[in-house]
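Observations on the model geometry
Listed below, chain by chain, are the residues.
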Amino acid sequence: ETTENGLRYVLDEEALTATIVKAIEKESSFVIPEKIVYNGATYHVTCIGEWAFNSCIDLTAIEIPNSITNIEKRAFCNCDTLTSIIIPDSVTHIGEYAFFGCDNLASITLSKNTTSIEERCFSHCYALTEFIIPKGIKNIGQEAFLLCDGLTTITIPNSITNIDMWALGYCKSLINIHYDGTIEQWKKIKLGEYWNDGVSAKAIHCTDGNIKIYKHW
């Protein structure tokens, strides 16, 4: 392990890669470097590890470089004051609960090269009002956006094949669900039980018309 600029890293000496495992200083912002040098060797920073920034209540901003490919589960869980984040296209995996409970996270730009929004990834992000899911995402996991109370509009690409149970559960302000595909394409999506429980939207807006959606209560 090594520590640099308030971040603790685990180093892989064979692959010459570094994983952030802990933010050890209470900072309002971090700029994650693409590389660090340790004992004369250069390591590429490729991963934000499990729990790395968990409950960093002073964190309002973070800059993620294009060297990062993985954001592990609960990496930013309960970062109450984080307001926005840009996840670069180098990221191919974002773990479960990664941004769970980020109460003030209002702006998220998601990597175009991830294929799944995992379980509870953005659950309890109360300040989120609009979310555009990039084309290429195939799965919206269980409770992925559960209780995102402020979410009013979501755009779903035609690459989606599965929307898991409670994925949009109790997004009570959600009135606009846009689907970038046809009605027939939407009908082929596997919809989990109670995927839309508690939402206000009455229809899916497809490119060639609307589909009425039904409540489970």
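Just above sits the structure.
Quick summary incoming for the structure in this document.

Cut-offs used in this document
Residues numbered from 1 in each chain as written. Predicted model: local features only at pLDDT ≥ 70, side-chain atom pairs only at ≥ 80, totals over all residues. Heavy atoms only, no water. Helix = DSSP H or I, 4+ residues; strand = E, 2+ residues; numbered from the N terminus. Polar contact = N/O pair within 3.5 Å; in protein donor to acceptor, adjacent residues only side chain to side chain. Contact = heavy atoms within 4.5 Å. Pairing = 2+ DSSP bridges. Axes fitted to C-alpha atoms, helices over the stretch in contact; angles between N-to-C directions. Disulfide = S-S within 2.5 Å. Buried < 20%, exposed > 50% of the residue type's maximum accessible area, 1.4 Å probe, protein only. Core = buried A, V, L, I, M, F, W, Y, C linked by side-chain atoms within 4.5 Å. Salt bridge = Lys/Arg side-chain N within 4 Å of Asp/Glu carboxyl O.

With that out of the way, let us pick up the side chain of serine 116. Along the polypeptide, serine 116 turns up in strand S12 (residues 116–117). A polar contact is formed between the side chain of serine 116 and the side chain of glutamate 118, at a distance of 3.2 Å. Among the polar contacts listed, one links the side chain of serine 116 to the side chain of asparagine 139, at a separation of 2.9 Å. In this view, serine 116 contacts Ile137 and Asn139; residues no more than four positions away in its chain are not counted.

In this section: the sheet that holds strand S13 (residues 130–132). One open sheet holds the five strands; their spatial order is S13-S15-S17-S19-S20, and the pairing between them is mixed. With partners counted over all chains shown, the strands left at the sheet margins are S13 and strand S20 (209–212), one partner each. Shown here is a sheet whose adjacent strand axes are inclined to one another by a mean of 20°, direction ignored. Pairing of strand S15 (residues 153–157) with strand S17 (residues 176–180) involves five bridges; the strand directions are parallel. When the sheet's bridge partners are listed, proline 157 is paired in S17 with aspartate 180.

Turning our attention to the state of the cysteines. Taken as a whole, this structure holds zero disulfides when the rule is applied. The thiol of cysteine 148 is not disulfide-bonded; the next cysteine sulfur, from cysteine 171, is found 5.0 Å away. Cysteine 148 gets classed as buried once you look at its relative accessible area, which sits at 0%.

Attention shifts here to the sheet that holds strand S14 (residues 139–140). An order of S12-S14-S16-S18 is seen for the four strands of this open sheet, with the pairing classed as parallel. Strands at the two margins of the open sheet, each flanked by one partner only, are S12 and strand S18 (190–191). Bridge count for S12 against S14 is two bridges, and the pairing is parallel. What sits directly across from isoleucine 117, in S14, is isoleucine 140.

What follows is about the side chain of glutamate 143. Mapping glutamate 143 onto the fold places it in the loop between S14 and S15. Excluding anything up to four places from it in sequence, glutamate 143 contacts Arg120, Ser123, Met165, Trp166 and Ala167.

Our focus in this paragraph is the nonpolar core. Residues Ile48, Phe53, Phe76, Phe99, Phe131 and Phe145 are the most contacted members of the largest nonpolar core, which totals 67 residues. Secondary structure elements with two or more residues in this core: strand S2 (7–12), strand S3 (17–23), strand S6 (41–48), S15, S17, helix H1 (183–187) and strand S19 (203–206). Contacts of phenylalanine 53, omitting those with residues within four sequence positions, involve Leu7, Ile20, Ala23, Phe30, Ile32, Ile48, Leu59, Ile62, Ala75, Phe76, Cys77 and Cys79.

Bringing unusual backbone geometry into the picture now. One non-glycine residue, glutamate 143, lies in the positive phi region at around 60°. Phi is positive for tyrosine 170, which is not a glycine, with a value near 55°. Position of tyrosine 170 among the secondary structure elements: in the loop between strand S16 (162–163) and S17.

Turning next to the pairing of strand S5 (residues 35–38). Pairing of S5 with S6, which is carried by four bridges, proceeds in the antiparallel orientation. Bridge pairing in S6 links tyrosine 38 to alanine 41. The turn joining S5 and S6, which pair antiparallel and follow one another in sequence, is formed by two residues; a positive phi near 50° is taken by asparagine 39.

The next subject is the pairing of S3. As judged from the six bridges shared by S2 and S3, these two strands associate in the antiparallel manner. Looking at S3, one finds that leucine 11 is bridged to alanine 18. Linkage of S2 to S3, two consecutive antiparallel strands, is achieved through a turn of four residues, within which leucine 16 is found at a positive phi near 55°. Note: S3 against S6, four bridges, orientation parallel. Each bridged residue has a counterpart across the sheet, and for alanine 18 the counterpart in S6 is valine 45.

Inspection of the secondary structure assignment puts tyrosine 38 in strand S5. Here tyrosine 38 is in contact with Glu1, Thr2, Leu11 and Tyr43, once residues within four sequence places are set aside.

Let us look at the pattern of salt bridges. On inspection of all chains with the given rule, the structure shows three salt bridges. Between arginine 8 and glutamate 1 there is a salt bridge, with its nearest N and O atoms 3.9 Å apart. Looking at arginine 8, the relative accessible area reads 31%, which means it is partly exposed. Residue lysine 187 pairs with glutamate 184 through a salt bridge whose shortest N-O separation is 3.7 Å. A residue pair is termed a helical-turn pair when its members lie 3 or 4 positions apart in one helix, as lysine 187 and glutamate 184 do in helix H1 at three residues.

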